[in-house]
Structures are given as structure tokens and as C-alpha cells.
Amino acid sequence: SDGPEPVMLNLTLIPPGEFVMGTEETDPVAYDAPVHPVKLTRPFYIGTTEVSNQLFQSFVDETSYRTDAERAGGYGMTGGSWNRSGNYYWKNLGELPVQKTAPAVNISWNDAVAFCEWLSRKTGAIYRLPTEAEWEYACRAGTQTPWFFGDSPEGMAEYAGFQGNAEGKVHPAKQKQPNPLGLYDMYGNEWEWCQDFYAADYYRSSPSENPTGPTEGSERVRRGGGFQQPAGQMTSYIRGHGPPETPSRGAFRVVREIPVD
């Protein structure tokens, strides 16, 4: 059924521009290096928040989609810690209540792409996962420091649910301050899938204009860190990665393309 976009999807316009992606810091990990200039030539919309349980529910209601976690097991809380079980998926987190406005978690890359395809069909617009470059550009919001709020991770508690304040749980969106572009939970809450294949050495050969990642690979990129990460690791440039079918550390936000005239 064609209809207006669900009300719980808020998007933020990101103008085109240039930035320096990555870091020179190779300790503890070299794959966030080297820094390299990137130019994004087109504006795009990105989700103001991660896709919520409420919005993911609309997708499942309309399509009867079954997530990878429902097929192979996901993660939930028992006795205050996270464990894997065949019963856990986005709608069953064990002892942790599934809250409407919290990001949908236990979402694999495959699941996130299926959601984007549904939303595209439903609205007639092109929805997809952000490229890694789009994600970092939107996260940095014009800054070149490791964190969009400065050179030190002190103050992370104002912006993110992370190891220091999240009590090991995912939380509803918009409980923390947004970044300078008005995007919430870019750091923390839960890792976010990007469109790109992952390759440790990609930055050495990445094109400078509108990079979209390697042409092949066995894993996909995640960004932003989650509720179990220490603040020091949750930089604008930190890269995570995992197989496309894993629900581990899985949440996402969408990009809506702006058609070229």
C-alpha cells in the first residue's frame, strides 16, 4: 500500500562538502588510517536517529519479514548480561524491555538492507544504508577532531549511551545531545551498519570523490560504537565490521538519496 512516510522517520539534510576522513593514529588499530581527503558532491538526507523498534515493526507488519536473528539466534539480557539464544531477536531482548523509540537491535546488515528496500518501494524514494564516507561526514559535522565535541572523550556522557553510563543496555533515542548537525546517537547506543564492504587497507586506495567502499568482501562496515564501548574508542573515525548475516552489534540509520535533476 502506497502512503506517506511513517511519522517516526525523521531525516536531516546534509549538504555536500569536503572533509578529511580517517586518522593518522595507528595505535591501537591501523585500519582507521591513513587520513585522506574526501569530497561528497551531492546533498543527501540521513536519519536523525537510528531506525526505531516502532518503525521496524511497521516494516515487519507489512512484509512478514523474518530477521537473521530469528533464523539463527540473537542476543538478549539474562541475569544482567548479554547472551546468545535462539529466542532472542529485535522483539525479544530477554530481560530488557523493547521500547518503541529505542533503536531496533539484533539487526543484521541483510535485515537493514531489506528494510531500506521496503521503504523505497513504499515511498518511491531511494532509501539505502549510508556509505562509510557519508556516515563519517555527517558524524563529524564540520569538525576534524577525533570527537565532534573536541579532542578528548570527556563529555561523552552528554552525547551518547556508552560503557560509562548505559548500564549495558540500549536506550530510547534523543535522550542525549545531538551533534552539530542535529543527529542523535551517532556515537553509542548501538553500532550502525553502513553500505560498504569492509577492507582493512581500503583507505590507501579509496577514491577522493563519493567513495563507496571496496567492490567485494566478506564483511560489511559498522560505525559509531555502542553501549558497551568505552568513550575513548567511540571516535568519528572508528570502524567496526562484521559478516552481513550477524545480528551482533546491529542497528542502523538510513540515507534517502536526493535525485539529480
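Residues numbered from 1 in each chain as written. Predicted model: local features only at pLDDT ≥ 70, side-chain atom pairs only at ≥ 80, totals over all residues. Heavy atoms only, no water.

Colleague: Hey, could you run me through the sheet that holds strand E10 (residues 239-242) in this one?
Modeller: Picture the strands of a sheet paired through backbone hydrogen bonds; they go either parallel or antiparallel. As summarised here, the arrangement of the 3 strands in space is E8-E9-E10, forming an open sheet in which the pairing is antiparallel. Only two strands of the sheet have a single partner each, and these edge strands are strand E8 (192-197) and E10. Taking each pair of neighbouring strands and ignoring which way they run, the sheet shows an average axis angle of 40°. In the sheet, strand E9 (residues 220-223) pairs with E10 via 4 bridges, with the strands oriented antiparallel. When the sheet's bridge partners are listed, Val221 is paired in E10 with His241. (Pairing = 2+ DSSP bridges. Helix = DSSP H or I, 4+ residues; strand = E, 2+ residues; numbered from the N terminus. Axes fitted to C-alpha atoms, helices over the stretch in contact; angles between N-to-C directions.)

Colleague: Before we go on, may I ask you to explain the packing of aromatic side chains in this structure?
Modeller: For any pair of aromatic rings, the description consists of the separation of the ring centres together with the inter-plane angle of the planes. This structure, assessed with the given rule, holds 16 aromatic pairs. Centre to centre, the rings of Phe56 and Phe59 are 5.2 Å apart; their planes meet at 70°, and the pair counts as edge-to-face. Of the two residues, Phe56 and Phe59 both sit in helix H1 (residues 53-63), 3 residues apart, roughly one turn of that helix. Here the two residues Phe56 and Phe59 agree in accessibility, since each one is buried. The interplanar angle of 45° and the centroid separation of 5.5 Å between the aromatic rings of Phe59 and Trp118 together place this pair among those described as tilted. Residue Phe59 is located in helix H1, and its partner Trp118 is located in helix H3 (residues 109-123); the two are separated by 59 residues in the primary sequence. Given the relative accessible area of 1%, Phe59 is considered buried. (Phe/Tyr/Trp six-rings, centres within 6.5 Å; stacked < 30°, edge-to-face > 60°. Buried < 20%, exposed > 50% of the residue type's maximum accessible area, 1.4 Å probe, protein only.)

Colleague: Which parts of the structure should I look at to understand the layout of surface pockets?
Modeller: Over the atoms rolls a probe the size of a water molecule, and its path tells where empty space is left. Approximately 240 Å³ is the volume found for the second largest pocket. As for the second largest pocket, its lining consists of 15 residues, of which Arg42, Arg128, Glu134, Asn210 and Glu257 are closest to the centre. Residue composition of the lining of the second largest pocket, by class: 7 nonpolar, 4 polar and 4 charged. (1 Å grid on protein atoms, 1.4 Å probe; cavity = no way out; pocket = protein on both sides within 12 Å on 5 of 7 lines; lining within 4 Å. Points joined across faces, edges and corners; volume = space filled by probe spheres on them. Nonpolar A, V, L, I, M, F, W, Y, C, P; charged D, E, K, R; others polar.)

Colleague: Please explain the side chain of Glu192 as it appears in this structure.
Modeller: Along the chain, the position of Glu192 falls in strand E8. Of note is the side chain of Glu192, whose polar atom sits 2.7 Å from the side chain of Arg253. The residues touching Glu192, leaving out its near neighbours within four places in the chain, are Glu50, Trp135, Asp185, Met186, Val221, Arg222, Arg223, Ala251, Phe252 and Arg253. (Polar contact = N/O pair within 3.5 Å; in protein donor to acceptor, adjacent residues only side chain to side chain. Contact = heavy atoms within 4.5 Å.)

Colleague: Honestly, H3 in this entry has me stumped. Any pointers?
Modeller: Along an α-helix, residues three or four positions apart point the same way, because every turn accommodates 3.6 residues. Given a rise of 1.5 Å per residue, 15 residues ought to cover 21 Å, and the 21 Å separating the end C-alpha atoms of H3 matches this to within 8%. Taken together, the buried positions of H3 are Trp109, Asp111, Ala112, Ala114, Phe115, Cys116, Trp118, Leu119, Ser120 and Lys122. Buried residues belonging to H3 abut H1, helix H2 (68-72), strand E7 (127-128), E8 and E9. Backbone geometry just downstream of H3 places Gly124 in the positive-phi region, at approximately 80°. (Expected span 1.5 Å × (residues − 1).)

Colleague: What am I meant to see in the environment of Trp109 here?
Modeller: Within the fold, Trp109 resides in helix H3. Residues Trp109 and Thr23, 86 residues apart in the sequence, show an inter-C-alpha distance of 25 Å. Non-local contacts of Trp109, meaning those with residues more than four positions away in its chain, are made with Leu129, Trp193, Cys194, Gln195, Arg220, Pro244 and Thr246. Separated by 2.9 Å, the side chain of Trp109 and the backbone oxygen of Cys194 make a polar contact.

Colleague: Hey, could you run me through the pairing of strand E6 (residues 81-85) in this one?
Modeller: Where strand E5 (residues 74-78) meets E6, 5 bridges bridge the pair, whose relative direction is antiparallel. Bridged to Met77 within E6 is Trp82. The turn joining E5 and E6, which pair antiparallel and follow one another in sequence, is formed by 2 residues; a positive phi near 60° is taken by Gly79.

Colleague: Honestly, the pattern of salt bridges in this entry has me stumped. Any pointers?
Modeller: Any two side chains of opposite charge can pair, so long as their charged atoms come close to each other. By the definition in use, this model includes 10 salt bridges. Across the salt bridge formed by Arg140 and Glu136, the nearest N and O atoms sit 2.8 Å from each other. Pair noted here: Arg140 and Glu136 are both in helix H4 (residues 132-140), with a separation of 4 residues, about one helical turn. Both residues of the pair, Arg140 and Glu136, count as buried. In this structure, Lys169 and Glu167 form a salt bridge, with 3.9 Å as the shortest nitrogen-oxygen distance. (Salt bridge = Lys/Arg side-chain N within 4 Å of Asp/Glu carboxyl O.)

Colleague: Explanation requested: the side chain of Thr49 in the structure shown.
Modeller: Tracing the backbone through its elements, the reader meets Thr49 in the loop between strand E4 (44-47) and H1. On the basis of relative accessible area, Thr49 is assigned to the buried category, the value being 17%.

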